[in-house]
Amino acid sequence: MLILDAKDCENIDKALKKYKKKFEKSRTLNQLRTRQAFTKPSVQRRKEILKAAYRQQILAGKVEL
């Protein structure tokens, strides 16, 4: 649960903007999306290894964006 300290004189738009930023930083939406479907640990590991290899290729200059 997110708690937002809103002052009495604060504009509702500013309070909403603070809430949205806090919600984004908490990564609640990402957690919900990952919990929707189970991924096997081996598949998750393979995906992480492929991402790391791709990043290394970009840093080495072999792959252009």
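Each remark here, short or long, concerns the structure printed above.
If you're wondering where the values come from, they're calculated on a predicted model, not measured in any experiment.

What counts, and where the lines are drawn
- Residues numbered from 1 in each chain as written.
- Predicted model: local features only at pLDDT ≥ 70, side-chain atom pairs only at ≥ 80, totals over all residues.
- Heavy atoms only, no water.
- Helix = DSSP H or I, 4+ residues; strand = E, 2+ residues; numbered from the N terminus.
- Buried < 20%, exposed > 50% of the residue type's maximum accessible area, 1.4 Å probe, protein only.
- Areas by Shrake-Rupley, 256 points an atom, 1.4 Å probe, with all protein chains shown as cover.
- Lys, Arg positive; Asp, Glu negative; His and termini not counted.
- Charge placed at Lys NZ, Arg CZ, Asp CG, Glu CD.
- Phe/Tyr/Trp six-rings, centres within 6.5 Å; stacked < 30°, edge-to-face > 60°.

Asker: Got a minute to help me understand the overall build of the chain in this structure?
Answerer: Looking only at helices and strands, the chain features three helices and zero strands. In sequence order, the chain lays out its α and β elements as α-α-α. Overall, the chain is about 55 × 30 × 15 Å in size when its C-alpha atoms are taken along their principal axes. Relative to its 65 residues, the chain shows a buried fraction of 2%. By element, 55% of the accessible surface of the chain is carried by carbon and sulfur atoms, the whole surface being about 6800 Å². Side-chain charges in the chain split into 18 positive and 7 negative, and the spacing between the mean points of these groups amounts to 10 Å.

Asker: Honestly, the packing of aromatic side chains in this entry has me stumped. Any pointers?
Answerer: Two aromatic rings, taken as a pair, are described by how far apart their centres are and by the angle between their planes. Following the criterion strictly, the structure yields one aromatic pair and no others. Measuring from centroid to centroid gives 6.3 Å for Tyr19 and Phe23, while their planes differ by 25°, and the two rings are stacked. Here Tyr19 and its partner Phe23 are both found in helix H1 (residues 12-26), four residues apart, which amounts to about one turn of the helix. Judged by relative accessible area, which is 38%, Tyr19 ranks as partly exposed.

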